[in-house]
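Listed below, chain by chain, are the residues.
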Amino acid sequence: QLQMKSVHLPQAIKNLGHLHYHGDIKGRIEHLYLNGLFRTELGNINVNGDLQSSITLQNFDFCGHVSSPNFKVGKMLEHNDLGDVTFHAHIDGKVDSLRLTECVAKADIHRLEYQGYTYRDIHFDGVMGVEEVSGQLHILDENITLQLNGLADWSEEDTRLDITARIANLRPHAINLTDKYPELSVNAMTYISLFTSGSRKQMLDNLTGYLIIDTLD
């Protein structure tokens, strides 16, 4: 028997505003197939996939494709530096008690606005759990080429952070990182490893790694 209870939604979901769905819904309440369009106040989202849920509608498993031609992700996350995004992603995720606990995602981000600059040709492939996030990020923008591998693990008392990045053709002025050095171009490689369980000062005390600058033009 379906029992309706009050549900406290995350603020990011509330920021979507009025939500309308147009498309096909097949199956039963505990196992639905969706192929349609969600219209929100922040942009439209195309969805094609399977949605399995508990009878209380607070636990979900979703596997399918999600895309948007123009979505205001900055307003959803209340992040002033973020603007609009155009993307297509395949997501396999689990939500328990309206909290995302597992997610495997592969996304092609065709356009992303950040700090007034529009990045293009971004690919993300990652895995997120309750206590760990890992993945790869690739950017092939005309003003930055980036290959990044990262891991964040807070399953133990100490938080572990490992990041390896290869940067080419970085033009800081062009992507609004600085208002100086308009002709500067950077090629570099960096590795950062961090173990910490305390304050920001302890984080800095436990920071190790290296930065190799190949060229600075």
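Residues numbered from 1 in each chain as written. Predicted model: local features only at pLDDT ≥ 70, side-chain atom pairs only at ≥ 80, totals over all residues. Heavy atoms only, no water.

### Things to note about the nonpolar core
Working step 1: By size, the foremost hydrophobic cluster in this structure holds 29 residues, and its most contacted members are Phe71 and Val85.
Working step 2: When neighbours within four sequence positions are excluded, Phe71 is seen to be in contact with Leu16, Thr40, Leu42, Gly43, Ile45, Met76, Gly83, Asp84 and Val85. (Core = buried A, V, L, I, M, F, W, Y, C linked by side-chain atoms within 4.5 Å. Buried < 20%, exposed > 50% of the residue type's maximum accessible area, 1.4 Å probe, protein only. Contact = heavy atoms within 4.5 Å.)

### Description of the packing of aromatic side chains
The geometry of an aromatic ring pair is captured by the separation of the ring centres together with the interplanar angle, meaning the angle of the planes.
Working step 1: Going through the model one piece at a time under the given rule, you end up with two aromatic pairs.
Working step 2: Ring centres 4.7 Å apart and planes at 50 degrees place the aromatic pair Tyr21 and Phe38 in the tilted group. Here the residue Tyr21 occupies a position in strand E1 (residues 20-28), and Phe38 occupies one in strand E2 (residues 31-40), the gap between them amounting to 17 residues.
Working step 3: Overall, Tyr21 belongs to the partly exposed group, its relative accessible area being 25%.
Working step 4: Ring centres 4.8 Å apart and planes at 85 degrees place the aromatic pair Tyr117 and Tyr119 in the edge-to-face group. With respect to class, Tyr117 is no different from Tyr119; both count as buried. (Phe/Tyr/Trp six-rings, centres within 6.5 Å; stacked < 30°, edge-to-face > 60°. Helix = DSSP H or I, 4+ residues; strand = E, 2+ residues; numbered from the N terminus.)

### Looking at the pairing of strand E6 (residues 99-114)
Working step 1: Here strand E5 (residues 82-96) pairs with E6 via 13 bridges, running antiparallel. If you follow Lys94 over to E6, its bridge partner there is Glu102.
Working step 2: Judged from the 11 bridges that link them, E6 and strand E7 (residues 117-128) form a sheet pairing that is antiparallel. Bridge assignment links Leu112 to a residue of E7, and that residue is Tyr119.
Working step 3: Between E6 and E7, which pair antiparallel and follow one another directly, the connecting turn spans two residues, one of which, Gln115, has a positive phi of 50 degrees. (Pairing = 2+ DSSP bridges.)

### Some remarks on a nonpolar patch on the surface
Working step 1: Residues Leu211, Ile213 and Leu216 make up a contiguous nonpolar surface patch of roughly 320 Å² in combined accessible area.
Working step 2: Mapped onto the elements, Ile213 comes out in strand E12 (residues 207-216).
Working step 3: For Ile213, a relative accessible area of 45% translates into the label partly exposed. (Patch = residues over 30% accessible without salt bridge, like charges linked within 9 Å, V, L, I, M, F, W, Y side chains within 5 Å. Areas by Shrake-Rupley, 256 points an atom, 1.4 Å probe, with all protein chains shown as cover. Salt bridge = Lys/Arg side-chain N within 4 Å of Asp/Glu carboxyl O.)

### Some remarks on the pattern of salt bridges
Working step 1: Per the stated rule, a full pass over the model turns up five salt bridges.
Working step 2: Across the pair Asp61 and Lys94 runs a salt bridge, and its minimum N-O distance is 2.9 Å. Placement of Asp61 in strand E4 (residues 60-71) and of Lys94 in strand E5 is noted, with a sequence separation of 33 residues between them.
Working step 3: Here Asp61 falls in the partly exposed class, since its relative accessible area comes to 30%.

### With respect to the pairing of E7
Remember that side chains alternate between the two faces of the sheet whenever the strand is regular.
Working step 1: Two strands pair when backbone bridges link them, and E7 and strand E8 (residues 132-141) are joined in this way by seven bridges, in the antiparallel orientation. Considered in E8, the bridge of Ile122 is made with Ile139.
Working step 2: Linking two consecutive strands that pair antiparallel, namely E7 and E8, is a turn of three residues.

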